[in-house]
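Residue-level listing of the chains:
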Amino acid sequence: MKAIRRFTVRPVLPEPLRPLSDLARNLRWSWHAETRDLFQSVDPERWTASEGDPVRLLGSVSAERLAELAEDSRFLRRLTEVAGDLADYVGGDRWYQAQSGELPAAVAYFSPEFGVTAALPQYSGGLGILAGDHLKSASDLGVPLIGVGLLYRHGYFRQSLSRDGWQQETYPVLDPNELPVALLREDDGSPAQVSIALPGGRSLRARIWLAQVGRVPLLMLDSDVEENDLGARGVTDVLYGGGSEHRLLQEMLLGIGGVRAVRTYCRLTGHPEPEVFHTNEGHAGFLGLERIAELCDAGLDFDAGLEAVRAGTVFTTHTPVPAGIDRFDRELVATHFGPDAELPRLDVGNILRLGMETYPGGEPNLFNMAVMGLRLGQRANGVSLLHGQVSREMFSGLWPGFDAEEVPITSVTNGVHAPTWVAPEVFRLGARQIGAQRTEDALTVGGSDRWDAVADIPDQDIWELRRDLREQLVVEVRDRLRASWRQRGAGSAELGWIDGVLDPDVLTIGFARRVPSYKRLTLMLRDRDRLMDLLLHPDHPIQIVVAGKAHPADDGGKRLVQELVKFADDPRVRHRIVFLPDYGMAMAQKLYPGCDIWLNNPLRPLEACGTSGMKAALNGCLNLSVLDGWWDEWFQPDFGWAIPTADGTGTDPDHRDDVEAAALYDLLEQRVTPRFYERGQDGLPDRWIEMVRQTLTLLGPKVLAGRMVREYVERLYAPAAHAHRTMTPDAARELAAWKGRVRAAWHGVTVDHVETSAATATAELGTTLNLRVRVGLGGLAPDDVEVQAVSGRVDPEDRIGDATTVPLKPAGGPDSEGRWLYEGPLALDRTGPYGYTVRILPAHRLLASGAELGLVAVPSEDAVEGAGVLMR
């Protein structure tokens, strides 16, 4: 019989065990081994059955067992110690508190998904895992972050396979009362709520759930409340589900409702108000509109409010392809804002102006969330060095007249939270070498360029560790494969062969990620005979573990999964290659450490960062990857292999896949497998072990989320906090008025004449030329602009590369025609073809970049005649 109503019945913990509740509710347990060990000792069998979730464990353990533990002095001593450790962790000073300078009192970090732990399944892939690692590292470093997201009633889908290998999706209902979250409540005990106005007088209300991630609160909005109508209740149903309006409402709730949730949380708890707002991808971009509306209520107009909001906003873009960005029809957006809907005091035209693609190549009728993020954020970044370059080119239309390298988008390369992703066995090896506390500090705070202590670990210990991790993976794979085949309808009698799947002494390759086409799940199948030869080689075999989910609406991705599954089902190779469905955090934590090689073969440059290889590297797994994302930045032959790419613009996609697959097979046959299997005098693969050692020594410190969060603090959060404090209401009004005046006058700003002291088109290194430039300022004053000489080497088309800019000084004017004279030196500091030009940019003390307004004036053809532009 089916229940008509469901309750969550919580156990009543005996008084001595009350700290267990606090430990279970703080998600630090997900990366703190001592806390997990304590919960495991409560009831080892139930701990396994609860999949390592302390809240589920405490909900199922018997009253008799709890009474027994309440009398167990040894257990109570451990409980006191672990609870005390958490109190010290949450309340003590950490890295952030030891820094000097203008750091923000608090930072609000918005993301549509957070992958903190498998026990809180609110993530789909890399964006969410990165956001979870950002929160955890901020907690370890003591950064006063507030996370803001949505609580999806179904999370992301669970993946299984049909008998013929087709991906199937299920959406289990998540009961928040059974998750490690608690309702944020008003002082009278009622649940705190935020509300969004919808067209037609409707409203969208949401409760605020709080997940405590170490020191960091994570606020998650949930629209499944009784006051909402059926449509509004379903807004937070599924991550990345639904149609266009559904996604728009999710993003309005995340951005606008999220700011209101932050204000509510700070009011109720006394937490400092954020000075910096960081939006992780464009989904939360509407947060800027809510903050402008707050400032308009305080007396600013829209333009001044925009300047004040921009000053304290950081925007991170994660996609290198336009298709990865949410874009909405302008009419849909217009319907949801204005007098009859949300933010009625903001002019709809001003709102639309922030997101419309009003640049060459844009779709003028589409509202682009990433474009809005860039227009609302004074600071923006990509997530690897290469992705920063790709982003500057992709969004260069927003800054017309500027070369891509001057587009104000920097990069902070992603990192991964080592305590979450490093296997306990790897941690113990480090602790044995340098002590547990130093190992923990190295993995969380980071700060050193090298982990030289790895050099002192004996080869034998490294090799035994790697084999132990591989053996654990073999056991895990067999269990998961057996469960998958039962879901596909196989009986136990058919599955005896699974006991022979994988071999703990065979070179093991891992490939696990989402399955969009550009990640090329099936590139390894390009030449199946060659792959079979590699899998079944009599002396140097390989084995491959594959996992990944295709988006439910992506039939092309599902076909790739099916193609891989059918190959892996072949009785000839099924002991050497497996596909594991339902890839998630729990699987990943076994997969990364157990593999010898982490394979990544995207279409370059479409991988923004690709952090899975970083997690593998921290466990001594070597990377075999296309030079994309972070691997393009940090690859060295000492610790992995680069798959050559055929990414010329004229390359046929099929031909490209053939060429790159052949390169992959060549690397495996000629370089990777021989190195794994060759043995030195002591019977160990000493050259392989040396690569593992170099991976840990040189890559380890680089790939840490601790390094990443420190970079965000120093390079983005601190400058944003300074700009926020400088941007007083009067300063915001001044800057907005100045920008309006400059934009209106810019058509009259001209470079009219350029002359130089050079007599010939050749000059000697070290020569200094004198430049004289006559400019028109169109009613602006010299204080409103900067006139620059831009110089550097030139290519055959006379384009300046690696440019140096030098400001020129006013030397007289205005003359009878209103022209100003500027002068300055030009030092010829490089040999070879050399060139210069002159340009005028807007200049104001409150601008973060000379390119901020996207305005530039350069010489006309007439002005450069006789200017000696090129020195050869």
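**What about the overall build of the protein chain?**
Thinking step 1. Counting secondary structure elements, the protein chain contains 29 helices and 28 strands.
Thinking step 2. Taken over C-alpha atoms, the radius of gyration comes to 30 Å for the protein chain, in line with the 29 Å a tight globule of 872 residues would show.
Thinking step 3. Its C-alpha atoms give the protein chain principal-axis dimensions of about 95 × 70 × 50 Å.
Thinking step 4. Long-range contacts, defined here as pairs at least 24 residues apart, represent 73% of the contacts in the protein chain between residues at least 6 apart.
Thinking step 5. Carbon and sulfur atoms form 49% of the exposed surface of the protein chain, whose accessible area is close to 35,000 Å².

**Focus on the environment of N368**
Thinking step 1. As for its placement among the helices and strands, N368 is situated in strand β12 (residues 366-368).
Thinking step 2. The class for N368 is buried, based on a relative accessible area of 5%.
Thinking step 3. Distance from N368 to L622, taken between C-alpha atoms, is 39 Å for residues 254 residues apart in sequence.
Thinking step 4. Each residue touching N368, except ones within four places of it in the same chain, is listed here: I325, D326, R327, G355, E357 and Y359.
Thinking step 5. Engagement of the side chain of N368 in a polar contact is seen with the side chain of E357, the distance being 2.8 Å.

**Focus: the sheet that holds strand β15 (residues 507-512)**
Thinking step 1. Taking strand neighbours across the sheet as the criterion, the six strands line up as β17-β16-β15-β18-β19-β20 in an open arrangement whose pairing is parallel. Edge positions in the sheet fall to β17 (577-580) and β20 (640-643), since each has one partner strand and no second. For this sheet, the mean inter-axis angle between neighbouring strands, taken without regard to orientation, is 20 degrees.
Thinking step 2. In this sheet, strand β16 (residues 542-547) lies alongside β15 in parallel orientation, the contact comprising six bridges. Among the inter-strand pairings, A512 is bridged to a residue of β16, identified as A547.
Thinking step 3. The strands touched by helix α21 (residues 555-569) within the sheet are β16 and β17, with β17 carrying the most contacts at an inclination of about 135 degrees.

**Some details on the sheet that holds strand β26 (residues 819-827)**
Thinking step 1. Taken in spatial order, the four strands line up as β21-β22-β26-β25 in an open sheet, and their pairing is antiparallel. Strands at the two margins of the open sheet, each flanked by one partner only, are β21 (749-756) and β25 (809-812). The sheet shows a mean angle of 35 degrees between the axes of neighbouring strands, taken without regard to direction.
Thinking step 2. By the bridge criterion, three bridges tie β25 to β26 in an arrangement that is antiparallel.

**Observations concerning the side chain of Q250**
Thinking step 1. One can find Q250 in helix α9 (residues 244-269).
Thinking step 2. Filtering out sequence-adjacent residues up to four positions away, Q250 remains in contact with L150, Y152, V235, T236, D237, V238 and Y240.

**Digging into the confidence of the model for the protein chain**
Thinking step 1. Here the protein chain shows a mean pLDDT of 93. Residues at 70 or above account for 97%.
Thinking step 2. Confidence over residues 868-872 falls short of pLDDT 50; this stretch has 23 contacts with residues more than four positions distant or in other chains.

**Some thoughts on the pairing of β17**
Thinking step 1. Side chains of β17 alternate between two faces, with I577 and F579 and V578 and L580 buried alike.
Thinking step 2. Pairing of β16 with β17, which is carried by four bridges, proceeds in the parallel orientation. Across the sheet, residue A547 finds its bridge partner in β17, namely L580.

**A short note on the environment of G288**
Thinking step 1. Tracing the sequence through the fold places G288 in helix α10 (residues 287-297).
Thinking step 2. Overall, the relative accessible area of 3% leaves G288 in the buried class.
Thinking step 3. On a C-alpha basis, the gap between G288 and G779 in space is 33 Å, while along the polypeptide they are 491 residues apart.
Thinking step 4. If sequence neighbours within four positions are ignored, G288 has contacts with V309 and L376.

**Side note on the packing of aromatic side chains**
Thinking step 1. Within the structure shown, the criterion is met by 20 aromatic pairs.
Thinking step 2. Taking the centre distance of 6.3 Å and the plane angle of 5 degrees together, the rings of F39 and W47 count as stacked.
Thinking step 3. Of the aromatic side chains, those joined through ring pairs into one cluster are W463, W641, F676, Y677 and W688.
Thinking step 4. One cation-aromatic arrangement involves R470 over W463; the distance from NZ or CZ to the ring centre is 5.4 Å.

**Here's the deal with the nonpolar core**
Thinking step 1. If you look at the biggest cluster of nonpolar residues, it comprises 107 residues, and the most contacted ones within it are M524, I544, I597, L624, W641 and W688.
Thinking step 2. Not counting the four nearest positions on each side in its chain, W688 is found in contact with W463, L507, D596, I597, L622, W641, V672, R675 and F676.
Thinking step 3. In terms of nonpolar packing, the next biggest core, distinct from the first, is built from 63 residues, L103, L174, M708 and A718 among them.

**Let's talk about helix α13 (residues 348-355)**
Thinking step 1. Counting buried positions over the eight residues of α13 gives six, a clear majority of the element.
Thinking step 2. For α13, every residue scored as buried is listed here: V348, N350, I351, L352, L354 and G355.
Thinking step 3. Check the buried side of α13 and you find it contacts α10, α11 (302-311), α12 (330-335), β12 and α14 (369-376).
Thinking step 4. The N-terminus of α13 is capped by D347, whose side-chain oxygen sits 3.0 Å from the backbone nitrogen of G349.

**Examining the pattern of salt bridges**
Where charged atoms of side chains with opposite charge meet at close range, the side chains can pair.
Thinking step 1. Taken as a whole, this structure holds 68 salt bridges when the rule is applied.
Thinking step 2. Here R207 and D222 are joined by a salt bridge, their closest N and O atoms 3.1 Å apart. Separated by 15 residues along the polypeptide, R207 in strand β7 (residues 203-213) and D222 in strand β8 (residues 216-222) bring together distant segments of the chain.
Thinking step 3. Note on D222: relative accessible area 0%, which makes it buried.
Thinking step 4. The partner of D569 in a salt bridge is R488, with the nearest N and O atoms 2.7 Å apart. Highlighted residues: D569 in helix α21 and R488 in the loop between α19 (459-487) and β15, separated in sequence by 81 residues.
Thinking step 5. Assessed through its relative accessible area of 21%, D569 is described here as partly exposed.
Thinking step 6. Exposure remark for R488: the relative accessible area of 6% places this residue in the buried category.

**Some remarks on the packing of α11 against helix α28 (residues 729-745)**
Thinking step 1. Where α11 meets α28, the axes come as close as 8 Å, and the angle between the chain directions of the two elements is 115 degrees. The orientation of α11 with respect to α28, classified from their angle, is roughly perpendicular. In this structure, α11 crosses over α28, and the sense of that crossing is right-handed. Where α11 approaches α28, its residues D303, A304, E307, A308 and R310 are matched on the opposing element by A732, R733, L735, A736 and K739.
Thinking step 2. Here the residues of the contact of α11 with α28 sort into five nonpolar, no polar and five charged.

**Thoughts on unusual backbone geometry**
Thinking step 1. A cis amide bond links R604 to the next residue, P605, at an omega of 5 degrees.
Thinking step 2. Turning to its location among the elements, P605 is positioned in the loop between β18 (597-600) and α23 (612-617).
Thinking step 3. Unlike most non-glycine residues, R520 shows phi in positive territory, near 55 degrees.
Thinking step 4. Here R520 is to be found in the loop between β15 and α20 (528-535).
Thinking step 5. Of note in the backbone geometry, D582 takes a positive phi value of approximately 65 degrees without being a glycine.

Basis of the calculations
- Residues numbered from 1 in each chain as written.
- Predicted model: local features only at pLDDT ≥ 70, side-chain atom pairs only at ≥ 80, totals over all residues.
- Heavy atoms only, no water.
- Helix = DSSP H or I, 4+ residues; strand = E, 2+ residues; numbered from the N terminus.
- Rg over C-alpha atoms; globule rule 2.2 N^0.38 Å.
- Contact = heavy atoms within 4.5 Å.
- Areas by Shrake-Rupley, 256 points an atom, 1.4 Å probe, with all protein chains shown as cover.
- Buried < 20%, exposed > 50% of the residue type's maximum accessible area, 1.4 Å probe, protein only.
- Polar contact = N/O pair within 3.5 Å; in protein donor to acceptor, adjacent residues only side chain to side chain.
- Pairing = 2+ DSSP bridges.
- Axes fitted to C-alpha atoms, helices over the stretch in contact; angles between N-to-C directions.
- pLDDT = per-residue confidence, 0-100.
- Phe/Tyr/Trp six-rings, centres within 6.5 Å; stacked < 30°, edge-to-face > 60°.
- Lys NZ or Arg CZ within 6 Å of the ring centre and 35° of its normal.
- Core = buried A, V, L, I, M, F, W, Y, C linked by side-chain atoms within 4.5 Å.
- Salt bridge = Lys/Arg side-chain N within 4 Å of Asp/Glu carboxyl O.
- Parallel < 35°, antiparallel > 145°, perpendicular 65-115°, else oblique.
- Left-handed = near helix turned anticlockwise from the far one by under 90°.
- Nonpolar A, V, L, I, M, F, W, Y, C, P; charged D, E, K, R; others polar.

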